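Listed below are the residues making up each chain.
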Amino acid sequence: MQKLDSSEQQADGQSVKERLLDTLSSLRVAVEWIDPDGQVVSWSGNELLGYAGQQLARLKHAGLVAGDRVVTLASASPEWLALDLALLHGGFVSVPMHPDTMSATCLDILREANAKLVAVGDTHQAARIFTILDELETLPKVVGLQSIAIEGDSIECWNVHDSNEVMDLPPESTSIHPAALYVRPHRTEEIREVGRDEVLCSPTSRAALFSVVDWLVKLRVFGSGKRFCTTEPVSSPSTRSTLYAAFSAGATVAISGRADISTSATKHTLYRLSPDVILSHPRFLEDLHTEWAERASRAGGLPELLYDETLRTGAELTESRQRSRGSDVLARLRFAVTRRFVGKRVREQLGGRLERVILTPGALAQHVVRFYFGVGIRLIEAFGVASGAGITHINSPTEDRYGEGISALPGVRVQLSDEQQIELAGGHLPTSGDWTPSGFMGQLADGEPLVHGPMNSIIRVIGGKAVSANRIEARLTASPYVWRAMVVGDQRDFLSALIVLNVDSVSRWLREHGIISHEESELARHPLVYSLIEAVVNEVNDSLPSYETIRKLAILERDFTKELGEMTAAMELRRSVITARHQLLVDSFYREQY
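As the structure is a computational prediction, the values presented were derived from the model and not from experiment.

Parameters at a glance
Residues numbered from 1 in each chain as written. Predicted model: local features only at pLDDT ≥ 70, side-chain atom pairs only at ≥ 80, totals over all residues. Heavy atoms only, no water. Helix = DSSP H or I, 4+ residues; strand = E, 2+ residues; numbered from the N terminus. Buried < 20%, exposed > 50% of the residue type's maximum accessible area, 1.4 Å probe, protein only. Areas by Shrake-Rupley, 256 points an atom, 1.4 Å probe, with all protein chains shown as cover. Expected span 1.5 Å × (residues − 1). Contact = heavy atoms within 4.5 Å. Salt bridge = Lys/Arg side-chain N within 4 Å of Asp/Glu carboxyl O. Pairing = 2+ DSSP bridges. Axes fitted to C-alpha atoms, helices over the stretch in contact; angles between N-to-C directions. Right-handed = clockwise from strand over helix to strand, strands pointing away. pLDDT = per-residue confidence, 0-100. Polar contact = N/O pair within 3.5 Å; in protein donor to acceptor, adjacent residues only side chain to side chain. Parallel < 35°, antiparallel > 145°, perpendicular 65-115°, else oblique. Left-handed = near helix turned anticlockwise from the far one by under 90°.

**What about the overall build of the protein chain?**
Okay, so step 1: Of the regular secondary structure elements, the protein chain holds 19 helices and 25 strands.
Okay, so step 2: The buried share among the 594 residues of the protein chain stands at 57%.
Okay, so step 3: Just so you have it, the protein chain exposes about 25000 Å², and 49% of that area is on carbon and sulfur atoms.

Written out as structure tokens, the structure reads:
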């Protein structure tokens, strides 16, 4: 197990930044993206730096000075990247917001940040800002990174293609504001639901960002000539540090820029951009694995045999590497087979080059982890403070382990609170002298955090036992028959579950039993389907302590959606919204029945 050397001096932020700019200037292809016409286009490093210089000149022309705060409410785009580089270089305080942030949260963040300028990416984002401007004491300047018209009036456009003037980045000022980044908690609405008293924005330094960048480069997460793509929002501090680490290592950053983060859309984007490394939400990996498991089950014969062999190989490979840092000849031979006949086809779906996936910890079921190890795709767990300090723990890309503890970056210390919340201190954290709540529940193994899930997914059953709903939901959705699940039961005697069916798998299962049913509502009400899901729940219960077992369940007739406010932009459950919408059903679980 590789440990990060905490005795090493943290890299000087200025030297890391100089290396970033030097490497960028040498890149023939620095950033790639898919344009509105569906073509893959690119900028060289010098073009990106030139456009960043253009955006820096615009900031200064607008009257902003180092230390002023700039909110960016925009999806990933090359214009966003040029503006972010300009903010980073010019000493402005960057306040990145998720592009789907709701108006009420936008208002809170704008008040907290007291921003001088807001950059938006499209008409919907601009409209969201203009609806709340009257409620601000100080009005920020609003600019668009694309041409935008609101009620017939255009706002100033900072699209880099609208100007012929491309400028070099000037030398950095020596009087840079020390808090050159401003970050906010993810899942702000959910944090409020559990009553955490947190400011919406908390300052951190560029040194913190560059400390993470430096260690990602040292760990060789990225390589020269490789492509890195993220399916996660660029507003995340972890995403931004990985973007700049990829540049510093000489890799190309591929920007998806898609609002649609469904599995099919993500697959199409990755197929077009052909990344070697991606930063991804675990849900995408789960869905991709489910597709392969169902395909193998339908085909039977050799495909099903190869799938089973992939799981077996992944398990053996992981165990042997943990035991002796190597594997026996037979295991290596079988790994070559599964990588050739299964892994190659998985990669072909994603552009043909994928080697590594960086993702949040603890959310994947063990057999899903074994599948990716078995096809030769390495999973790298990365973990940090939810309120915005970025990555504090990450495993080496040379280690095949997931869900067994994560190594800390230099100087970072970890402890558990009385509520089993992981708390962090030291290193590059903004409050280096105090313990900072991470926002995640877990445990420690040999001093390393095992993450069970975000605190907003914690349920307390009567008696005081804390339960990670996320962890139980991950086990339920590991079944091919369960598309989504939400565990309920906070302050109740026991846990229950709301289940959304995987319609294709359940319909196929019914056909195998001589029953044809196509409507999702019919499936949800079918007694055989209830028995099937009940068996899935019972199997999960067998692996859980008694206070974590599911005692009641209901099958819903439709999936949760973003449009109804039931899912976040990152496709995470809004638990309070879902519970309120199904309150009568949830209450029925806990009525005295006998």
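So, next bit.
**Section: helix α3 (residues 78-90)**
Okay, so step 1: In this model α3 runs 18 Å from its N-terminal to its C-terminal C-alpha over 13 residues, within 8% of the 18 Å that 1.5 Å per residue would give.
Okay, so step 2: Most of α3 is tucked away, with 13 of its 13 residues classed as buried.

**Quick look at the environment of glycine 376**
Okay, so step 1: The residue glycine 376 is located in the loop between α13 (366-374) and β15 (378-385) in this model.
Okay, so step 2: Residue classification places glycine 376 among the buried positions, given a relative accessible area of 15%.
Okay, so step 3: C-alpha separation for the pair glycine 376 and glutamate 355, spaced 21 residues apart in sequence, amounts to 7.2 Å.
Okay, so step 4: Not counting residues within four places of it along the chain, the set of residues in contact with glycine 376 comprises Phe335, Arg339, Arg347 and Glu355.

**Here's the deal with the pattern of salt bridges**
Okay, so step 1: Enumeration over the complete set of coordinates arrives at 18 salt bridges.
Okay, so step 2: Across the salt bridge formed by lysine 267 and glutamate 291, the nearest N and O atoms sit 2.8 Å from each other. Of this pair, lysine 267 sits in helix α9 (residues 263-273) while glutamate 291 sits in helix α10 (residues 282-299); the two residues are 24 residues apart in sequence, bridging distant segments of the chain.
Okay, so step 3: According to the relative accessible area criterion, glutamate 291 is partly exposed, its value standing at 26%.
Okay, so step 4: Notably, a salt bridge pairs glutamate 309 with arginine 312, separated by 3.9 Å at the nearest N-O pair. Taken together, the residues glutamate 309 and arginine 312, both in helix α11 (residues 301-324) and three residues apart, mark about one turn of the helix.
Okay, so step 5: Overall, the relative accessible area of 18% leaves glutamate 309 in the buried class.
Okay, so step 6: The network of salt bridges with common partners includes Arg19, Asp214 and Lys218.

**Digging into the sheet that holds strand β23 (residues 482-488)**
Okay, so step 1: Spatially, the three strands line up as an open sheet ordered β23-β24-β25, and their pairing is mixed. Unpaired on one side and paired on the other, β23 and β25 (550-556) mark the two borders of the sheet. Here the average twist between neighbouring strands, direction ignored, is 25 degrees.
Okay, so step 2: Bridge analysis of β23 against strand β24 (residues 495-501) gives six bridges, and the strand direction is antiparallel. The partner of alanine 485 across the bridge, within β24, is isoleucine 499.

**Here's the deal with helix α17 (residues 527-541)**
Okay, so step 1: The end-to-end C-alpha separation of α17 is 21 Å, in line with the 21 Å expected for 15 residues at 1.5 Å each.
Okay, so step 2: Buried residues belonging to α17 abut α14 (469-477), β23, β24, α15 (503-512), α16 (520-525) and β25.

**A short note on the pairing of strand β11 (residues 227-230)**
Okay, so step 1: Relative to strand β12 (residues 252-255), β11 is paired through four bridges, and the arrangement is parallel. Along β12, the bridge assignment pairs arginine 227 with threonine 252.
Okay, so step 2: What joins β11 to β12 is helix α8 (residues 237-248), and the crossover it makes is right-handed.
Okay, so step 3: Both β11 and strand β13 (residues 277-280) contribute to a ladder of three bridges, which runs parallel. By the bridge assignment, threonine 230 is partnered in β13 with leucine 279.

**A few points about unusual backbone geometry**
Across residues other than glycine, the phi torsion is negative in most instances, and most of the peptide bonds are trans.
Okay, so step 1: The backbone phi angle of arginine 220 is positive, close to 60 degrees, even though this residue is not glycine.
Okay, so step 2: One can find arginine 220 in the loop between α7 (206-218) and β11.
Okay, so step 3: Positioned with a positive phi, aspartate 446 is a non-glycine residue whose angle comes to about 55 degrees.
Okay, so step 4: Within the fold, aspartate 446 resides in the loop between β19 (436-445) and β20 (448-454).

**Here's the deal with the confidence of the model for the protein chain**
Okay, so step 1: Taken over all residues, the pLDDT of the protein chain has a mean of 81, while the share at 70 or more is 85%.
Okay, so step 2: When the criterion is pLDDT under 50, residues 185-199 qualifies, and its contacts beyond four places in sequence or with other chains add up to 36 contacts.

**A look at the pairing of β13**
Okay, so step 1: Neither face of β13 is open: one carries Val277 and Leu279, the other Ile278 and Ser280, and all of them are buried.
Okay, so step 2: With four bridges connecting them, β13 and strand β14 (residues 356-359) associate as parallel partners. Opposite leucine 279, over in β14, you have isoleucine 358 as the bridge partner.

**Topic: the side chain of serine 496**
Okay, so step 1: One can find serine 496 in strand β24.
Okay, so step 2: Within the local environment of serine 496, its side chain forms a polar contact with the side chain of tyrosine 590, the two groups lying 3.1 Å apart.
Okay, so step 3: Beyond its immediate stretch of four places on either side in the chain, serine 496 contacts Met486, Val487, Val488, Ile550, Lys552, Phe589 and Tyr590.

**What about the packing of α7 against α8?**
Okay, so step 1: With their axes 8 Å apart at the nearest point, α7 and α8 run at an angle of 50 degrees to one another. It follows that α7 is oblique to α8 by the angle criterion. When you trace α7 past α8, the crossing you get is right-handed. Counting all contacts with α7, which are made through Leu209, Val212, Val213, Leu216 and Val217, the residues of α8 involved are Arg240, Ser241, Thr242, Tyr244, Ala245 and Ser248.

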